[in-house]
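In case you want the letters, here they are:
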Amino acid sequence: MVCAMINSMLQDIPLIISCWFLISLWQFAALPWLYYLFKNHLIDLGWAFGRVLTWLLLGSSVWFLAHLGLPVNKPWFIYTLFLLLSAYSFYFILHHKKELIIFFKKKKKLIITEEIIFFSLFVFLSIVRGHNPEIHGLEKFMDVGFMNSYLRSPTLPLEDMWLAGEKVNYYTFGHFLGAIVAHYWSLTTDYAYNLILGLIMGLVGSQTFSLVVNFVQSLFEKTKKKKRNNQLVQVGLLATFLASFAGNGHTIWYLFKNVGFSGYWYPDATRFIERTIHEFPSYSFIVSDLHAHVWSMPLVLLLLVMIFVWLKTMVKNYDLKFKNFKDFITQPFIYSALLLGFLFGLIMSTSTWDLLIYSSLLGVLGLVLLVVDRQFWWPLFFSALAVLVALLISASPWLLNFVSISQGPRFAQEHSPFWQLLVLWGPHVLLALMSLFFSVSLFKNEEDPKKNYSVLLIVSLVLTALLLLVLPEIVYLKDIYPNHPRANTMFKLTFQAFIMMNLVIAWFFGIILQKDKFEKSLNIFLKFLLAFFIMAVGMFPYFGYRDFYHKLKTYKGLNGVSWVEDKYYSDYQALRWLRENVEGRPVIVEAVGESYTDFARISTYTGLPTIVGWRVHEWLWRGGFDIPSTRTGEVNSIYNEPRSKTTAAILKKYQVKYIFIGSKERETYENLDLRGLLTLGDVAYQQGLTAIIEVK
């Protein structure tokens, strides 16, 4: 058995390495853009953000052109764009050869470390996913369904796979980016889904390393080169660990309460406060839903480094005497603000909550700057204007096809017990506040404190994180779930607060490494406190990976749809036939069922639209149950009364091409009229009790 598992794993290793190599070519293609954006601002040239930049250059180009009706969401166009980017990168390297050689010699330790982090985390999660690869359960049907739909859609906007004839009414730019990667890798989502999880974990880990290293590098300017590089790597690795693996304070509380971990169940850390959700990145990587907040992580980390660059350029130029309006708006910080706005628009199309969250960060940062110096008012005003204009342009393809499903803000009628908030967030908040105190006290006596951009941003991150933790206790955005009114608000806000606090805590470690800043006893105490914190929050992934992946005892491979073959063999063969023989996105009818079940499996795994899929999801996306309810009745009519005039009208209304008859259809419709269904068209496929009828 062990040998079989090892052999299965070894068979997947070439695929994993090939995908890593192909995605690493994106790093080469991004080199000129890293140079132009970050040459004068980041000590590592923002190396870890190269793959994300190429991803966005490819994705946003296809996104905008496809929304203009051009059939460019195809592999050939993506390859063409990539070759053009690569050719330009080759030209750039030839003309900056000496400068680049000098840079890589100086910064090779940081760059090599970032590459090792990316490779290690990419391979780690890819292999781990092979122990439980099923694209099944939680939100995975929804996530892979969107990706499959994009893979079948050369033009945009996208038709909803679970509501035929209607456009998707959700933020899905992240899923579109996933389809871009699948096209580029020439893989079906059966494999690409699990490998993309490794990709995102690798990106988040390496990006966090780079981000924090650039935050703290000013602390080590007077440190000898060798020691400085070692300390930067230490701080960056802590940031990577916290971003990729750390849990919240729940494990600490459980340990002391129960004097051990007997019976510990890892999801409890995300549902500790009754009727709420408070997830964090490590949990998301474990359960492996490619949901909006997961797609958004690499983008918000890129956003944070862009905020850092914008802040740095603005602080350097805010007090210059500008002769006219043109002089003002052509300043480098305005260009940085425009790039910020463009990225904000893509983030809005990926996870709209993050627009609210990181706009709040910019608002807090603006207030901090005004407290420091009121002369920041006009630079802030014009920067905000530039961000808004670029955001509206960038988000326009999504905004023009989206109808808000939120019912607006409400005052919270339920409140979390304070002790439970302390259990979850107390350790992080304590270290974040200590970081705030020490960072401000260390630099307040500088000749020009406002020139220390990192401190300004760290202060803003701490204040914003605290705000995000408090807000769900005061207000929430109302949705369709009456019994869990605050759940989604708390989920999205505290998820990002967790990321912000971990960045700040890694910064705090950088301060602690400056031994000359503290008395020896205080330095020892702070190191002990941080070490205890790391061990405490570091216990969570052990239980999570152990339980979700069945103690990593059985390696099943990376095919996330093989479970369908095991459970519904005939349906799986029909699914394969549809994938291999049906072009475009004709409408297929299948049984209607509830969310988080095996219903809608055909539309999910083929990307073909069905009349109605997961009903509660469509209820949420459409703001009411009328449409899903009506369509449920129409599908009932098709299966139970196929010869009726009503059914004929329904088939014409939705331009139905195929009717699927499989295990779920026979289970759901007890009065299923098979003979009547056969009169509607020809049997295009049949095996066992599964059949596909092609409607005449």
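Structure shown above.
Bear in mind the structure is a predicted one, so any value in this text is a computation, not a measurement. (Residues numbered from 1 in each chain as written. Predicted model: local features only at pLDDT ≥ 70, side-chain atom pairs only at ≥ 80, totals over all residues. Heavy atoms only, no water.)

A short note on the overall build of the protein chain
Part 1 of the reasoning: For the protein chain, the count of helices and strands is 29 helices and 6 strands.
Part 2 of the reasoning: Rg of the C-alpha trace for the protein chain: 26 Å, near the compact-globule value of 26 Å for 696 residues, within the 12% margin.
Part 3 of the reasoning: Projected onto its principal axes, the C-alpha coordinates of the protein chain cover approximately 85 × 65 × 55 Å.
Part 4 of the reasoning: Here the protein chain, with 696 residues, has 61% of them falling under the buried criterion.
Part 5 of the reasoning: Across the protein chain, the fraction of contacts at a sequence separation of at least 24, relative to all contacts at a separation of at least 6, is 78%.
Part 6 of the reasoning: Put simply, the protein chain shows about 28100 Å² of open surface, and 63% of that area lies on carbon and sulfur atoms.
Part 7 of the reasoning: Seen as two clouds, the 61 positive and the 48 negative side-chain charges of the protein chain have centres 10 Å apart. (Helix = DSSP H or I, 4+ residues; strand = E, 2+ residues; numbered from the N terminus. Rg over C-alpha atoms; globule rule 2.2 N^0.38 Å. Buried < 20%, exposed > 50% of the residue type's maximum accessible area, 1.4 Å probe, protein only. Contact = heavy atoms within 4.5 Å. Areas by Shrake-Rupley, 256 points an atom, 1.4 Å probe, with all protein chains shown as cover. Lys, Arg positive; Asp, Glu negative; His and termini not counted. Charge placed at Lys NZ, Arg CZ, Asp CG, Glu CD.)

Quick notes on the environment of tyrosine 150
Part 1 of the reasoning: Mapped onto the secondary structure, tyrosine 150 falls in helix 6 (residues 140-151).
Part 2 of the reasoning: In this structure tyrosine 150 comes out as buried when scored by relative accessible area, which is 2%.
Part 3 of the reasoning: Along the backbone, tyrosine 150 and glycine 607 are 457 residues apart, and their C-alpha atoms lie at a distance of 7.6 Å.
Part 4 of the reasoning: Dropping the residues within four chain positions of it, tyrosine 150 is found in contact with Trp63, Asn73, Leu156, Leu158, Thr172, His175, Phe176 and Ala179.
Part 5 of the reasoning: Of note is the side chain of tyrosine 150, whose polar atom sits 2.6 Å from the side chain of threonine 172. (Polar contact = N/O pair within 3.5 Å; in protein donor to acceptor, adjacent residues only side chain to side chain.)

Focus on the pattern of salt bridges
Part 1 of the reasoning: Following the criterion strictly, the structure yields 21 salt bridges and no others.
Part 2 of the reasoning: A salt bridge links lysine 140 to aspartate 289; the nearest nitrogen and oxygen atoms lie 3.0 Å apart. One end of the pair, lysine 140, is in helix 6; the other, aspartate 289, is in the loop between helix 11 (281-287) and helix 12 (292-317), with 149 residues separating them in the sequence.
Part 3 of the reasoning: Assessed through its relative accessible area of 9%, aspartate 289 is described here as buried.
Part 4 of the reasoning: Residue aspartate 190 is joined to arginine 579 by a salt bridge in which the shortest nitrogen-to-oxygen separation is 2.7 Å. In this pair, aspartate 190 is assigned in helix 8 (residues 189-216) and arginine 579 in helix 23 (residues 569-581), connecting sequence segments 389 residues apart.
Part 5 of the reasoning: For aspartate 190, a relative accessible area of 5% corresponds to the buried category.
Part 6 of the reasoning: Classification of arginine 579 as partly exposed rests on a relative accessible area of 26%.
Part 7 of the reasoning: A single network of salt bridges, built from pairs that share partners, joins Asp571, Glu590, Arg601 and Glu665. (Salt bridge = Lys/Arg side-chain N within 4 Å of Asp/Glu carboxyl O.)

Thoughts on the nonpolar core
Part 1 of the reasoning: Counting residues in hydrophobic clusters, the biggest one holds 226 residues, and the most contacted among them are Trp185, Trp310 and Leu311.
Part 2 of the reasoning: Ranked by the residues each element gives to this core, the list is headed by helix 12, at 19 residues.
Part 3 of the reasoning: Those residues in contact with tryptophan 185 that sit more than four places away from it in its chain are Cys19, Leu22, Ile23, Phe122, Ala192, Leu195 and Ile196.
Part 4 of the reasoning: Val587, Val635, Leu672 and Val695 belong to the second-largest nonpolar core, a separate cluster that totals 24 residues. (Core = buried A, V, L, I, M, F, W, Y, C linked by side-chain atoms within 4.5 Å.)

Let's talk about the packing of aromatic side chains
Part 1 of the reasoning: By the definition in use, this model includes 70 aromatic pairs.
Part 2 of the reasoning: With a centroid separation of 5.5 Å and an interplanar angle of 85°, the aromatic rings of tryptophan 76 and phenylalanine 77 are classed as edge-to-face.
Part 3 of the reasoning: Given the relative accessible area of 52%, tryptophan 76 is considered exposed.
Part 4 of the reasoning: What makes phenylalanine 77 buried here is its relative accessible area of 14%.
Part 5 of the reasoning: Arranged with centres 5.7 Å apart and planes meeting at 85°, the rings of tryptophan 378 and phenylalanine 381 form a pair that is edge-to-face. Of this pair, tryptophan 378 and phenylalanine 381 both sit in helix 16 (residues 377-399), separated by 3 residues, roughly a single helical turn.
Part 6 of the reasoning: Owing to a relative accessible area of 48%, tryptophan 378 belongs among the partly exposed residues under this scheme.
Part 7 of the reasoning: Judged by relative accessible area, phenylalanine 381 falls into the partly exposed class, the value being 37%. (Phe/Tyr/Trp six-rings, centres within 6.5 Å; stacked < 30°, edge-to-face > 60°.)

Details of the packing of helix 4 (residues 75-95) against helix 7 (residues 173-185)
Part 1 of the reasoning: Here helix 4 crosses helix 7 at 85°, and the two axes come no closer than 9 Å. The pairing of helix 4 with helix 7 is recorded here as roughly perpendicular in orientation. Along its contact with helix 4, which presents Pro75, Ile78, Tyr79 and Phe82, the element helix 7 presents Ile180, His183 and Tyr184. (Axes fitted to C-alpha atoms, helices over the stretch in contact; angles between N-to-C directions. Parallel < 35°, antiparallel > 145°, perpendicular 65-115°, else oblique.)

Points about the sheet that holds strand 5 (residues 681-687)
Part 1 of the reasoning: Strand order across the open sheet formed by 4 strands is 3-4-6-5, with mixed pairing between neighbours. Of all strands in the sheet, those with a lone pairing partner are strand 3 (587-589) and strand 5, marking the two edges. This sheet shows a mean twist of 20° between the axes of neighbouring strands, independent of strand direction.
Part 2 of the reasoning: Helix-sheet contacts for helix 23 involve strand 3, strand 4 (656-661), strand 5 and strand 6 (690-695), and the interaxial angle to strand 5 is about 125°. (Pairing = 2+ DSSP bridges.)

A few points about the pairing of strand 4
Part 1 of the reasoning: The buried fraction of strand 4 is high, at 5 of 6 residues.
Part 2 of the reasoning: Across 3 bridges, strand 3 lies against strand 4 in parallel orientation. The partner of valine 589 across the bridge, within strand 4, is isoleucine 659.
Part 3 of the reasoning: Sheet topology places strand 4 next to strand 6; 4 bridges connect them, and they run antiparallel. Bridged to phenylalanine 660 within strand 6 is isoleucine 692.

Points about the side chain of serine 24
Part 1 of the reasoning: Among the structural elements, serine 24 can be located in helix 1 (residues 2-29).
Part 2 of the reasoning: For serine 24, the contacting residues outside a window of four places in its chain are Arg51 and Phe118.

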